[in-house]
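Remarks on the overall topology
As a plain string of letters, each chain reads:
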Amino acid sequence: MKFGENEILEREQEQFSAEHRFKKRLRLDAVCFQLFVVLGILIVLIVCFFGAFRGIIKGAPEVNEDVLLHSSKTTVVYDKDGNEMQKLDGSAIRQDYVKLDKVSIAARNAFIAADDTEYYKHHGVDIRNLFYAFYPDSASAQYAGSRRTLTQKLIRNQIFNSGNTRSAMERIVQKIQEQYLAVKLESEAGKDKILEYYLNTLYFGGNRIGIGAASGYYFDKKPQDLTVSEAAVLAAVAQDPEQYDPVNSQKDNGNKRVEILSNMLNMETISEEEYEDALGDNVYIQMQTVNQKKSGTTEAKDYYVSAVIDQVMTDLKEKAGYSATQAYHAVYQGGMKIYTCLDGEIQKICENEAEKLLKKSKEKNKLQLSVVLMDQSTGKVKALIGGRKNEVPQAGENRAIDWKRDPGSLLSPLSVWAPALDTAGNTLGTVQDDAVYSYVENGKKKNVSKHKAYQGLVTMRDSIMQKLEIPAVKTLEKINVQTGYDYLKKMGISSLVEKQEDVDGNVISDLSLSMATGDLVDGVTNLELTAAYGVIANEGKSVQPMFYTKLVDQTGNILFKNEQSQKKLIRSSTAWLMTNVFKEYITDGDGSSAEPQIGKIPVAGYSGSSVGAKDKWFEGYTPFYTAGIWCGYEGDEIVSNDISCGVLWRNIMEQVHSAKKLEKGSFKIPDEIIAVNICTKCGELAVEDLCDEALGGNTVRREYFVNGTQPVENCTCHVKYRVCKESGKPATDKCPRDQVVEKVYLMKEEESGTKDSPNIMTDQMRKEKCNKH
């Protein structure tokens, strides 16, 4: 751009004018002021930050030997009405304090390998951990937990009694205090003393705290005698005594043990030879037997409290982010108030009736039973019996929640019939042939045994009512084994084994047709089986057993609420159809002895027993409550016929509904349910004067269907023939009219005899004609 001489002079005068200089100075002053303000804010923030930091540090709790080793406050357990049930004061804790020089070098190194491989390299903290405090529910939180130093874990377990339930700011404050105390403790106590504190305060299960009690509990040894292999087992247990239980979860413990041994090898605290020796050591055989291991009490005075403690500890770990040791201290020494779902009135009824049944047993010192009674609409467990009256609950011996037993035919409605109705297009009128049957699984031929005469063609309703195994196996094979397995899992059966090897190296699995007969690898617990039947009672919605409603800390703050959301697991129509069959089983089937007199309240139920009647079961429900009962022995003894779980169920339900003044109720019928008359031999529409006159008896039944699944074709399995009385063969025109009768035969191909056999019109009979006239 070009300017003339006059324009240049004008611009120069403007640049050096007083007004221009004033504006320029004003802009410069504004910039300086802004910088000053920003600098002031930064100084204030820094001062505030250091002030807040100082306040956080100043507010940190004391850390010393007394606090780390001897802090204990009593926890109180209440029933649903606020009545005190029991105090937990840690009196059952077994703890033998052991000096570090009395712990084997192998044990020390194993725990360092498991918890903090750089223990002797840092000064108490890993600074990276602080920045993950903002993300308590993410993968970052898991990383932060794994990066906690051994010193921090000690402080967290013994001083800070919270998991991930607090606000982000509270977590940040705790994280800062935790790291500050870790540095402080290391400077005051030193590495060896901290390791000694840590080993003596870890929870190892069975109410054993510390390596001194744990080594005796699991190996009957002193800590100074622990081998590399044994030490790795205990280091794995300390991570989570339930998940890595060396008896009940040996595989998981073994995997963790190998990981720890690998860390020890990488840290060069063991040689390659020691590593190989430890891997080859069958350490689990050297452990005490299961019976010896389960010699410790849970401190619970009854089985309901035992179940409450188990659920609270599990929830604190899985939902609130507590470590196993932290959860144990919170329950037994944290001064909490635990509000349970126990209904004292219902519990007393169950106990009284159970005791009456046990007195009937000829060997009353051996027979055991369990009872679970819950409100299926909420999952709240109102009463529970886990063994005989006046027994002190033993660790792992609550027969309602710990014992896994074969459910027998009681499993088929859950593994076969409900899934078949729900997903595979089957109906209560679907027909299978109850006849000789075998199948091949894992390369082996298996024959399905019969417990009564082969029934021939039967509907699904008949199969359920009569507990017929062959139709159950055929149906499961048809709908796919994986479908049945998945339904059991989603209804809460957690004890299923997908795949594992037995002691002989053979692969065993519950993912097989054996699910149709209830023959499982490990069995099921009464609690989970009752909850699964509760799903059907609850119109197909999920039921998660709940033993407590909330936890309140010693300051009165609600620490944790036990809340659950329900999911639809099976269709309402499927649940109603199964309920309809179970109602008939009570009123007209083998469950008639379990029918209670409770006014206008409908009752549904089903019974079962394992092979050889070693276990007897009854599961049943009303619109208000679901209850499950198991009877059996610790060994292989057969439960005698005079012991009836159904009768016990009836007696309990009669009194419970009377006590709660429940007189009316109903199972809601879904709008899509319709009823039609079918022929029970083919499942098609019944034909008048044909199906009702069939040889062997009337085959017409009024059956329920989901609209759209009902049959539309007429019966195709019956045919009417004129038969000569004298010859018993198809009549001809020559046969006298008074000698001719009409008979309705069944059209069916058979390879072996069934109850249908006498009523079948065979090919040979059709070819024959009367030879008398």
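Everything numeric here is computed off the predicted structure, so don't read it as measured data. (Residues numbered from 1 in each chain as written. Predicted model: local features only at pLDDT ≥ 70, side-chain atom pairs only at ≥ 80, totals over all residues. Heavy atoms only, no water.)

It is worth spelling out the overall build of the protein chain at this point. Helix and strand counts for the protein chain come out as 25 helices and 22 strands. Counting over 773 residues, the protein chain shows a buried share of 51%. (Helix = DSSP H or I, 4+ residues; strand = E, 2+ residues; numbered from the N terminus. Buried < 20%, exposed > 50% of the residue type's maximum accessible area, 1.4 Å probe, protein only.)

Next up on the list: the side chain of Glu178. Note on placement: Glu178 falls in helix α7 (residues 168–189). Reaching out from Glu178, the side chain makes a polar contact with the side chain of Arg148 at a distance of 2.9 Å. (Polar contact = N/O pair within 3.5 Å; in protein donor to acceptor, adjacent residues only side chain to side chain.)

All chains considered together, the criterion is met by 30 salt bridges. The residue Lys660 makes a salt bridge to Glu345 at a minimum N-O spacing of 3.0 Å. Here the residue Lys660 occupies a position in the loop between α24 (645–659) and β19 (673–679), and Glu345 occupies one in helix α17 (residues 344–360), the gap between them amounting to 315 residues. Taking the relative accessible area as the measure of exposure, Lys660 reaches 25% and is therefore partly exposed. Residue classification places Glu345 among the partly exposed residues on the basis of a relative accessible area of 40%. Overlapping salt bridges, with partners in common, bring together Asp433, Lys681, Lys748, Glu750 and Asp756 in one network. (Salt bridge = Lys/Arg side-chain N within 4 Å of Asp/Glu carboxyl O.)

Time to look at the sheet that holds strand β15 (residues 558–561). Spatial ordering of the open sheet is given by β2-β1-β5-β14-β15, a layout of five strands whose pairing is mixed. In the strand order of this sheet, the two ends are held by β2 (84–88) and β15, each with one partner. Going across the sheet, the axis of each strand differs from the next one's by a mean of 20°, ignoring polarity. The pairing of strand β14 (residues 548–552) with β15 spans three bridges and is antiparallel. By the bridge assignment, Val552 is partnered in β15 with Ile558. Strands in contact with helix α15 (residues 303–318) are β2, β5 (337–340), β14 and β15; relative to β14, the strand with the most contacts, it is inclined by about 65°. (Pairing = 2+ DSSP bridges. Axes fitted to C-alpha atoms, helices over the stretch in contact; angles between N-to-C directions. Contact = heavy atoms within 4.5 Å.)

Residue placement: Ala613 occurs in the loop between β16 (604–609) and β17 (615–621). Put simply, Ala613 and Val639 are 26 residues apart on the chain and 6.0 Å apart in space, counted from C-alpha to C-alpha. Beyond its immediate stretch of four places on either side in the chain, Ala613 contacts Ile638 and Val639.

Another aspect to go through is the confidence of the model for the protein chain. Overall, the prediction assigns the protein chain a mean pLDDT of 87, with 88% of residues at 70 or greater. Here helix α14 (residues 290–293) stands out as the element of the protein chain with the lowest mean pLDDT, 42, in contrast to helix α22 (residues 526–537), whose mean of 98 is the highest. Confidence over residues 136–145 falls short of pLDDT 50; this stretch has 12 contacts with residues more than four positions distant or in other chains. Scored below 50 in pLDDT, residues 289–295 shows 14 contacts in the model against residues more than four places distant or in partner chains. (pLDDT = per-residue confidence, 0-100.)

A cluster of nonpolar side chains, Phe36, Val37, Val38, Ile41, Leu42, Leu45 and Ile46, forms an exposed patch at the surface whose accessible area comes to about 660 Å². By the element assignment, Val38 lies in helix α2 (residues 18–58). (Patch = residues over 30% accessible without salt bridge, like charges linked within 9 Å, V, L, I, M, F, W, Y side chains within 5 Å. Areas by Shrake-Rupley, 256 points an atom, 1.4 Å probe, with all protein chains shown as cover.)

The phi angle of most residues is negative, glycine excepted, and most peptide bonds adopt the trans form. Of note in this structure, Asn480 is not a glycine but carries a positive phi near 95°. Relative to the assigned elements, Asn480 resides in the loop between α20 (469–479) and α21 (481–490). Owing to a relative accessible area of 41%, Asn480 belongs among the partly exposed residues under this scheme.

Attention now moves to the sheet that holds strand β7 (residues 380–385). Pairing between the strands of a sheet comes from backbone hydrogen bonds, and it takes one of two forms, parallel or antiparallel. Taken together, the five strands give an open sheet; going across it, the order is β7-β6-β18-β17-β16, and neighbouring strands pair in antiparallel fashion. Each of the sheet's edge strands pairs with one partner strand only, and the pair in question is β7 and β16. Taken over all neighbouring pairs, the strand axes of this sheet differ in orientation by 10° on average, direction set aside. Sheet topology places strand β6 (residues 368–375) next to β7; five bridges connect them, and they run antiparallel. Each residue of the ladder has a partner; that of Met374, found in β7, is Val381. Where α17 meets the sheet, it contacts β6, β7 and β18 (626–632), and its direction lies at approximately 30° from that of β7. Here helix α23 (residues 572–588) sits on the sheet and contacts β16 and β17; the angle it forms with β16, its principal contact strand, is near 75°.

Bringing the packing of aromatic side chains into the picture now. Summed over all chains, the structure comprises 16 aromatic pairs. Considering the side-chain rings of Phe582 and Tyr621, the 6.5 Å spacing of their centres and the 80° angle between planes classify their relative orientation as edge-to-face. Here Phe582 is found in helix α23, whereas its partner Tyr621 is found in strand β17, with 39 residues between them in sequence. Here Phe582 matches Tyr621 in class, with each residue buried. Note on Phe618 and Trp649: the rings are 5.2 Å apart at their centroids and 50° apart in plane angle, and the pair reads as tilted. Residue Phe618 is found in strand β17, and its partner Trp649 is found in helix α24; the two are separated by 31 residues along the sequence. (Phe/Tyr/Trp six-rings, centres within 6.5 Å; stacked < 30°, edge-to-face > 60°.)

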